[in-house]
Amino acid sequence: MYDIVRLVDPLHKRVLDYRQSSLTGTPDVCYHYWENNRICDNCISIRAYQENKSFVKMEKSREEVLLVTAIPIDNADRPAVLELLKNATDTMLVGNGDYNQGEIFSRFIKELNDAAVRDPLTTLYNRRFVDERLPVDIINALLKHKPLSVCFIDLDNFKSINDLYGHKAGDSTIKEAGEVIARNISHEDVWAARYGGDEFLLCLRGVEEDQAHAIAECIQREIEQMPLSQAVKGGPLSISFGIETMKDVPVTAEELIRRADEKMYKAKKEKSSDI
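Residues numbered from 1 in each chain as written. Predicted model: local features only at pLDDT ≥ 70, side-chain atom pairs only at ≥ 80, totals over all residues. Heavy atoms only, no water.

### Remarks on the sheet that holds strand 1 (residues 4–9)
In a beta sheet, neighbouring strands pair by backbone hydrogen bonds and run either parallel or antiparallel. To keep it simple, the criterion reads: When DSSP finds two or more bridges between a pair of strands, those strands are recorded as paired. Working definition: helices are DSSP H or I runs of at least four residues, strands are E runs of at least two. Numbering for both runs from the N terminus. Here, axes are lines fitted to C-alpha atoms. For helices the fit covers the stretch in contact, and angles between N-to-C directions go from 0 to 180 degrees.
Strand order in this open sheet of six strands is 3-2-1-6-5-4, and the pairing throughout is antiparallel. Looking at the sheet topology across the chains shown, the edges are occupied by strand 3 (22–29) and strand 4 (55–61). Strand-to-strand, the axes of this sheet are offset by a mean angle of 40 degrees, without reference to chain direction. As paired strands, strand 5 (residues 64–72) and strand 6 (residues 81–87) are joined by seven bridges and run antiparallel to one another. Looking across to strand 6, one finds that I71 is bridged to L82.

The following block contains the structure:
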């Protein structure tokens, strides 16, 4: 029924081997199968592991369309998910069109997977992506002995925009701020997400704290120059940010975010007291 059946560790992104009633890791990286050398943004295996239920998605490899099913394995001695891959290139029907032409359907699959992990307003990643990807990036940083910085950003005076101009103007401001952030994190080892409301989170892999501050300060300067900022009651639009860097000492994703969030609120409070 399936073309490929494999066990994977969703946290370490390794294919597992089952021998003598135990699971052992192999050198094979699970996402290398897709030949793009990057972790899948919409990784349903980590979702299956975290939520303890099965998930299904479509993915494209070379010229093939595959239906991927991820099933969590209970009572295993390590994180484990069963992945079932079925080649559906000639059997998958979605609407009308010649899927063998490839380009249109590839774009459809990408948009379908993006919808699960992207914020529709800013097109940055969403809170789900943070919850699923940050723990994986932490493990990779520890294994490679590289720093990982988390930057928590909050827009100042944002409530004034909603109060004075309405939620449409507020959405426009959030979108523009997201565009500024995206322009400043073009490096492949850095990603950003809209964490909620007017809050954003940056994950900077391999980036020391001073480098993270430089990136955040560039974002801050550009946001302060946004045209709408001059009309905001109480002063120009700006951001407050807090940065927490992990290096060699394990820290959970929740703790990293909490520490960065606390530093952000401290910065916001100090800014308010200076006015």
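### Some points on the packing of helix 4 (residues 158–165) against helix 5 (residues 167–183)
Applicable threshold: Contacts between residues were defined by any pair of non-hydrogen atoms, one from each residue, lying within 4.5 Å. Throughout, the ten residues Ala, Val, Leu, Ile, Met, Phe, Trp, Tyr, Cys and Pro are labelled nonpolar, Asp, Glu, Lys and Arg are labelled charged, and all others, Gly among them, are labelled polar.
Packing of helix 4 against helix 5 leaves a shortest axis separation of 7 Å and a crossing angle of 145 degrees. The segment helix 4 lies against helix 5, with F158, I161, N162 and Y165 engaging H167, A169, G170, T173 and I174. For the contact of helix 4 with helix 5, a count of residues per class yields five nonpolar, four polar and no charged.

### Points about the packing of helix 1 (residues 44–51) against helix 3 (residues 127–144)
Heads up, the rule is: Orientation is classified from the angle alone, with under 35 degrees giving roughly parallel, over 145 giving roughly antiparallel, 65 to 115 giving roughly perpendicular, and any other angle giving oblique.
Orientation of helix 1 relative to helix 3, taken along the N-to-C sense of each, is 95 degrees, at an axis distance of 10 Å. Classed by the angle they form, the pair helix 1 and helix 3 counts as roughly perpendicular. In this structure, helix 1 contributes I46, R47, Q50 and E51 to the contact, and helix 3 contributes R128, D131, E132, P135 and V136. Grouping the amino acids of the contact of helix 1 with helix 3 by side-chain chemistry returns three nonpolar, one polar and five charged.

### Quick look at the sheet that holds strand 10 (residues 238–246)
Across the sheet, which stays open at both edges, the four strands sit in the order 8-9-7-10 with antiparallel pairing between neighbours. Strands at the two margins of the open sheet, each flanked by one partner only, are strand 8 (190–196) and strand 10. Adjacent strand axes in the sheet meet at a mean angle of 20 degrees, parallel and antiparallel pairs treated alike. Direction of pairing for strand 7 (residues 148–156) relative to strand 9 (residues 199–205): antiparallel, over a ladder of seven bridges.

### A short note on the layout of surface pockets
Take a probe with the size of a water molecule and roll it over the atoms, and the empty space left behind shows itself. Where we set the bar: Within this scheme a cavity is a closed region of a 1 Å grid, computed over the protein atoms alone, that accommodates a 1.4 Å probe without allowing it to escape, whereas a pocket is open but has protein on both sides within 12 Å along at least five of seven lines; lining residues each have an atom within 4 Å of a point. Grid points are joined across faces, edges and corners, and a volume is the space filled by probe spheres set on the points.
Here the largest pocket is characterised by a volume of approximately 890 Å³. The wall of the largest pocket is formed by 34 residues, among which I39, D137, K144, D189 and R205 lie closest to the centre. Every element with two or more residues in the lining of the largest pocket is listed here: helix 3 and strand 8. The biggest single contributor to the lining of the largest pocket is helix 3, with seven residues. Along the lines of polarity and charge, the residues of the lining of the largest pocket split into 15 nonpolar, seven polar and 12 charged. Here the second largest pocket defines a volume of roughly 380 Å³. The wall of the second largest pocket is formed by 18 residues, among which N36, R38, E59, K110 and N113 lie closest to the centre. Elements with a minimum of two residues in the lining of the second largest pocket: strand 4 and helix 2 (103–117). Considering each element in turn, the lining of the second largest pocket owes the most residues, six residues, to helix 2. When the residues that make up the lining of the second largest pocket are grouped by side-chain class, the tally is five nonpolar, five polar and eight charged.

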